[in-house]
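Chain and residue survey
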Amino acid sequence: MAVAVAGVLVAAGAITYSVAEDGGAGDAPPTAGSADAGFARDMAVHHQQAVEMSYIVRDRTTDEDVRRLAYDIAQTQANQRGMLLGWLDLWGLPKVSSDAPMSWMGMGAMSDGEDGALMPGMATDTELKKLGTLNGKQAEVLYLQLMTEHHKGGIHMAEGCVAKCTVGVEKRLAQGMVEAQQSEIDLMTDMLKARGAKP
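Residues numbered from 1 in each chain as written. Predicted model: local features only at pLDDT ≥ 70, side-chain atom pairs only at ≥ 80, totals over all residues. Heavy atoms only, no water.

1. Re the overall build of the protein
Heads up, the rule is: Put simply, DSSP H or I for four residues or longer makes a helix, DSSP E for two residues or longer makes a strand, and each gets a number counted from the N terminus. Whether two residues are in contact is decided by their heavy atoms, any of which lying within 4.5 Å being enough.
For the protein, the count of helices and strands is six helices and zero strands. Counting from the amino terminus, the protein carries its helices and strands in the arrangement α-α-α-α-α-α. Long-range pairs, those at least 24 residues apart, make up 75% of the contacts in the protein with a sequence separation of at least 6.

Rendered as structure tokens:
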């Protein structure tokens, strides 16, 4: 496992630093108020919650399909989060902003951050706490429901980057997020159906 993790980190580092030449020599890096920077900051926060939820459910169930899905989501989104934060470092930009989340999409008023849900799709603190109290099928169902909504919010944000971001490698990452998370939504819908539940 350590070798596999090291391989992922090396690959992530290579992709992260490839952004330096992505737009061609002489191109100025994105500004703090750009869509590129806004997406990197907001999606890093969004991803962190997905990682947190996934590790919670892995401790609350023995179902191998759910545990495998949760592990895949946690690893993928932790890797992508590292890339996003790495780009902000590379561009010399802050990782936090005084602007409301999703302002770069013109949607700064979409979420008031009540109970910890900073952006559309994010679970509330109450929902996360509840997930940590459930076991077995109940934990699986709540996780799949919360993650389905989380992915829908993530897809909407990633589509915004595809439309508004200017850094090619970041746009490609965002498009990959759209495709992968939609595929996972389809899978989670089937998994919920198998458990007699709906998204």
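2. Describing the nonpolar core
Threshold: The set of buried Ala, Val, Leu, Ile, Met, Phe, Trp, Tyr and Cys residues whose side-chain atoms join them within 4.5 Å is what this entry labels a nonpolar core. Accessible area is worked out with a 1.4 Å probe on protein chains only. A residue is then buried under 20% of its type maximum, exposed over 50%, and partly exposed in between.
With 54 residues, the main nonpolar core has Phe39, Met53, Leu84 and Tyr143 as its most contacted residues. Contributions of two or more residues to this core are made by α2 (35-58), α3 (64-91), α4 (125-131), α5 (136-164) and α6 (168-194). Broken down by element, this core gets its largest block of residues, eleven residues, from α5. Sequence-distant contacts of Tyr143, defined by excluding residues within four places in its chain, comprise Met53, Ser54, Val57, Val66, Ala70, Ile73 and Leu131.

3. Some thoughts on the state of the cysteines
Heads up, the condition is: Note on disulfides: each one is a pair of cysteine sulfur atoms within 2.5 Å.
All chains considered together, the criterion is met by one disulfide. Note that Cys161 is cross-linked by a disulfide to Cys165, the S-S spacing being 2.3 Å. Its S-S torsion of about -120° marks the bond between Cys161 and Cys165 as left-handed, since a negative value means left-handed. Residue class for Cys165 comes out buried when judged on its relative accessible area of 4%.

4. A look at the pattern of salt bridges
Short version of the rule: We count a salt bridge whenever a side-chain nitrogen from Lys or Arg sits within 4 Å of a carboxyl oxygen from Asp or Glu.
Overall, the coordinates contain six salt bridges when judged by the stated rule. Salt-bridge contacts for Arg195 lead to Glu140; the nearest nitrogen and oxygen are separated by 2.8 Å. Of this pair, Arg195 sits in the segment after α6 while Glu140 sits in helix α5, placing them 55 residues apart in sequence. Owing to a relative accessible area of 14%, Arg195 belongs among the buried residues under this scheme. For Glu140, a relative accessible area of 7% corresponds to the buried category. Of the charged contacts in the structure, one is a salt bridge between Lys152 and Glu149, with a shortest N-O distance of 3.4 Å. Within this pair, Lys152 and its partner Glu149 are both found in helix α5, separated by three residues, close to a single helical turn. Overall, Glu149 belongs to the partly exposed group, its relative accessible area being 39%.

5. A look at the environment of Ala139
With respect to the helices, strands and loops of the structure, Ala139 is situated in helix α5. Classification of Ala139 by relative accessible area gives buried; the value is 0%. Along the backbone, Ala139 and Ile56 are 83 residues apart, and their C-alpha atoms lie at a distance of 9.2 Å. Discounting residues that sit within four places of it in the chain, Ala139 has contacts with Val57, Arg60, Leu131 and Leu134.

6. Observations regarding the packing of α5 against α6
For the record, the criterion: Here an angle of 0 to 180 degrees is reported between the N-to-C directions of two axes, which are lines fitted to C-alpha atoms, with helices fitted over the stretch in contact. Roughly parallel here means an angle under 35 degrees, roughly antiparallel means over 145, roughly perpendicular means 65 to 115, and every remaining angle is called oblique. With the far helix as reference, a near helix turned anticlockwise by less than a right angle produces a left-handed crossing, and one turned clockwise produces a right-handed crossing. Under this grouping Gly is polar, as are all residues other than the nonpolar Ala, Val, Leu, Ile, Met, Phe, Trp, Tyr, Cys and Pro and the charged Asp, Glu, Lys and Arg.
In the contact formed by α5 and α6, the axes pass within 8 Å of each other and the chain directions differ by 155°. The angle between the axes of α5 and α6 places the two elements in the roughly antiparallel class. Where α5 crosses over α6, the handedness of that crossing is left-handed. Residue composition of the contact of α5 with α6, grouped by class: 15 nonpolar, seven polar and five charged.

7. Quick look at the packing of aromatic side chains
Centre-to-centre distance and the angle between the planes together describe a pair of aromatic rings. Going by this rule: We call Phe, Tyr and Trp rings a pair once their centres come within 6.5 Å, taking the six-membered ring for Trp, and we label the pair stacked below 30 degrees between planes, edge-to-face above 60, and tilted otherwise.
Counted under the stated rule, the structure contains two aromatic pairs. Between Phe39 and Trp104 the ring centres are 5.9 Å apart and the planes differ by 80°, which places this aromatic pair in the edge-to-face class. Note that Phe39 is positioned in helix α2 and Trp104 in the loop between α3 and α4, a separation of 65 residues in sequence. Residue Phe39 shares its accessibility class with Trp104, and that shared class is buried. Relative to Trp91, the ring of Trp87 lies with its centre 6.4 Å away and its plane at 25°, an arrangement referred to as stacked. Of this pair, Trp87 and Trp91 are both found in helix α3, four residues apart, which corresponds to roughly one turn of the helix. With relative accessibility at 0%, the residue Trp87 sits in the buried group.

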